[in-house]
Protein chains: 2
Amino acid sequence: MTPDDIVLAHVLADAAGAAIRPWFRRPFLVETKEDFSPVTIADREAEAAIRALLAEHRPHDGVIGEEYGEDRPDASRVWVLDPIDGTRAFVAGRPLFGTLIALMEDGVPVLGLIDQCIIGDRWVGGTDHPTTLNGQRAHVRSCAGLGAARLGTTGPFLFDAGDIPRVDALRAEVGDSLFGGDCHNYGLVASGHLDLVVESWLKIHDWAALVPVVTGAGGVMTDWAGAPLRKGSDGRVVAAGDARVAEAARAVLA
Amino acid sequence: MTPDDIVLAHVLADAAGAAIRPWFRRPFLVETKEDFSPVTIADREAEAAIRALLAEHRPHDGVIGEEYGEDRPDASRVWVLDPIDGTRAFVAGRPLFGTLIALMEDGVPVLGLIDQCIIGDRWVGGTDHPTTLNGQRAHVRSCAGLGAARLGTTGPFLFDAGDIPRVDALRAEVGDSLFGGDCHNYGLVASGHLDLVVESWLKIHDWAALVPVVTGAGGVMTDWAGAPLRKGSDGRVVAAGDARVAEAARAVLA
């Protein structure tokens, strides 16, 4: 990862935002994918815009995108894209969806960007690049344990049936919970406004950009067993600003 | 209700926003009220700012506010205030909370304003004032039935235990659901981006401003039995853009 990759990530996010904003709160068709998640022309146009720039500026790098699949996924450098994370929110006119852009090197996420193009919240973090929110350093906050922790999760039912009692147990232990938010919640952890996010069923394009943002701000993001997120991870993730909260949450979820 | 009341409502919302914005994503103490909901200095300063203006411009009107209680609640004209609806979202740095300002005349909400002071979404509706979003007419959308409806609700557990199976049944019938959002969801119904919102435990300061916004955009907002929302309502509300969706939802909730 080079400083130029950070510059490029900003250019890619700018292009995605330019593709998305004209569709926000405008009429469009909502299709339903095999996994029952919605997709729109805005998702496709945003990913196409990013991929066109990558083809121009990084022709040898791999690309994995939610909407248009994999190109050279086994390259040592792979860009991982989710043009609109939180399409349900986008479709409802709620400006908490986000564009996710990650760079993975040899399977490790080294650069991540979360962009909310309506509000104008952009978090960027990576190896040798402490996380920023709109250019200002972002820091997680300390939190001694679950009882003081604020938990965010997009939907309480977006878990395997067998996991729901564990998540319910976690909700019972934390100080407070709020729902909705998609990728934006991870930015709020990085900025020290939320303490914990727990989710499941995340695919590589959902989590790859989040890991550098959270860890670059001083936080922890792993799977439910505490292992690093890698291609092939099972999609269960825990992100926390304070390692004590991460550990306590994983103990409840185990 | 006079056109001057609309002008004043904007002035009140401007003052609340000016009180809230300096605290957004800044450090503050979060206190927990008797009903376990959080409250901050921003809630109190925003309501104080509104009440000071009402004392100056409408000294004879009543005021009911979430944080500072009731003054002349039996006056024929009563302003009903929630300085920050969605304090949990505010505390988490999520810009979907809202300032709610309503005018009730003889117990009927005749003017309502929802203001999201970070994004800059302001819905205003009332008798003889079709709902606007930032000055542009807002319209609900048509939706033939629950199967096509997008449902928003702040939290799936913010219901009496006995009501949760009914809400679960409704979620199973609708086309899609999303969580979080607080008062902002009702604005999205008014603007035709969501079809249905179902909630419970709403107090008069939570629902009074929402009714004119939703109905002034062509929608329906009642309690779960279909009765108008009035002082003493039980706090269960259904808001829908299309009356067919409202009726079908009430049938499932009955």
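For the structure, see preceding data.
The text that follows walks through the structure, step by step, so that each part is easy to find. (Residues numbered from 1 in each chain as written. Chains lettered and ligands numbered in written order. Predicted model: local features only at pLDDT ≥ 70, side-chain atom pairs only at ≥ 80, totals over all residues. Heavy atoms only, no water.)

Counting its secondary structure elements, chain A contains eight helices and 15 strands. Here chain A has a C-alpha radius of gyration of 17 Å; the compact-globule value for 254 residues is 18 Å, and the two agree. A principal-axis box enclosing the C-alpha atoms of chain A has dimensions of 50 × 40 × 30 Å. By sequence separation, contacts in chain A at least 24 residues apart represent 61% of the contacts at least 6 residues apart. As displayed, chain A has an accessible area near 9400 Å², and 53% of this comes from carbon and sulfur atoms. With 23 positive and 36 negative side-chain charges, chain A shows a spacing of 4 Å between the two charge centroids. (Helix = DSSP H or I, 4+ residues; strand = E, 2+ residues; numbered from the N terminus. Rg over C-alpha atoms; globule rule 2.2 N^0.38 Å. Contact = heavy atoms within 4.5 Å. Areas by Shrake-Rupley, 256 points an atom, 1.4 Å probe, with all protein chains shown as cover. Lys, Arg positive; Asp, Glu negative; His and termini not counted. Charge placed at Lys NZ, Arg CZ, Asp CG, Glu CD.)

Moving on, we come to the pattern of salt bridges. Per the counting criterion, the structure on display carries 42 salt bridges over all chains. Note that A:Asp242 is salt-bridged to A:Arg244, the shortest N-O span being 2.8 Å. In this structure A:Asp242 comes out as buried when scored by relative accessible area, which is 10%. The salt bridge partner of B:Arg141 is B:Asp195, with a shortest N-O separation of 2.8 Å. Taken as a pair, B:Arg141 in the loop between β10 (136-137) and β11 (150-153) and B:Asp195 in the loop between α5 (184-190) and β13 (196-199) lie far apart in primary sequence, 54 residues in all. Judged by its relative accessible area of 3%, B:Asp195 falls in the buried class. Here the residues in one salt-bridge network are A:Asp5, A:Arg58, A:Asp61, A:Arg77 and A:Glu105, joined through shared partners. (Salt bridge = Lys/Arg side-chain N within 4 Å of Asp/Glu carboxyl O. Buried < 20%, exposed > 50% of the residue type's maximum accessible area, 1.4 Å probe, protein only.)

Before going further, it helps to examine helix α8 (residues 243-253) of chain B. All names here are of chain B. Residues of α8 that are buried: Val 245, Ala 246, Ala 249 and Leu 253. Each buried residue of α8 sits inside an arc of 100° when the element is viewed along its axis, so together they form one side. In this structure, α8 carries Glu 247 and Ala 251 as exposed residues pointing more than 90 degrees from its buried face. Where the residues of α8 are buried, they touch α4 (164-173), β13, β14 (220-222) and β15 (237-240). (Arc of directions from axis to C-beta.)

All names here are of chain A. Across the sheet, which stays open at both edges, the eight strands sit in the order β4-β3-β5-β6-β7-β8-β9-β10 with mixed pairing between neighbours. This sheet does not close on itself; its edge strands, each paired only once, are β4 (69-71) and β10 (136-137). For strand β8 (residues 121-126) and strand β9 (residues 129-133), the ladder comprises three bridges, and the chain directions are antiparallel. The residue bridging Trp 123 from the neighbouring strand is Leu 133, located in β9. Relative to the sheet, helix α1 (residues 3-20) contacts β5 (77-85), β6 (98-105), β7 (108-116), β8 and β9, its axis offset from that of β7 by approximately 35°. Along the sheet, helix α2 (residues 41-57) makes contact with β3 (62-65), β4, β5 and β6, crossing β5 at roughly 155°. (Pairing = 2+ DSSP bridges. Axes fitted to C-alpha atoms, helices over the stretch in contact; angles between N-to-C directions.)

A packed helix pair is summarised by two numbers, namely the angle formed by the two axes and the spacing between the axes. Residue and element names in this part refer to chain A. Remark: helix α4 (residues 164-173) packs on helix α8 (residues 243-253), axes separated minimally by 8 Å, with the N-to-C direction vectors making an angle of 140°. As far as their axial angle goes, α8 and α4 are oblique. When the axes of α4 and α8 are compared, the crossing they make is right-handed. Contacts between α4 and α8 involve Arg 166, Val 167, Ala 169, Leu 170 and Glu 173 on the former and, on the latter, Ala 249, Val 252 and Leu 253. Partitioned by chemical class, the residues of the contact of α4 with α8 number six nonpolar, no polar and two charged. (Parallel < 35°, antiparallel > 145°, perpendicular 65-115°, else oblique. Left-handed = near helix turned anticlockwise from the far one by under 90°. Nonpolar A, V, L, I, M, F, W, Y, C, P; charged D, E, K, R; others polar.)

Take the interface of chain A and chain B next. In this complex, chain A contributes 31 residues to the contact, which on the side of chain B involves 30 residues. Between chain A and chain B lies a buried interface of about 2600 Å² when both sides are counted; carbon and sulfur atoms form 60% of it. Together, A:Arg25, A:Arg94 and A:Phe157 form the three largest contributors to the area buried by chain A at its contact with chain B, with a combined 25%. There are four salt bridges connecting chain A and chain B. (Buried area = accessible area lost by both parts, 1.4 Å probe.)

So, on to the sheet that holds strand β5 (residues 77-85) of chain B. Residues and elements named next belong to chain B. With mixed pairing, eight strands are arranged side by side in an open sheet as β4-β3-β5-β6-β7-β8-β9-β10. The open sheet has two edge strands, β4 (69-71) and β10, and neither has a second partner. Note that strand β7 (residues 108-116) and strand β8 (residues 121-126) share six bridges and pair antiparallel. Considered in β8, the bridge of Ile 114 is made with Trp 123. Lying over the sheet, helix α1 (residues 3-20) contacts β5, β6 (98-105), β7, β8 and β9 (129-133), oriented at roughly 35° with respect to β7. Those strands touched by helix α2 (residues 41-57) are β3 (62-65), β4, β5 and β6, and its axis lies near 155° from that of β5.

Function-wise, these values are silent; they only describe arrangement.
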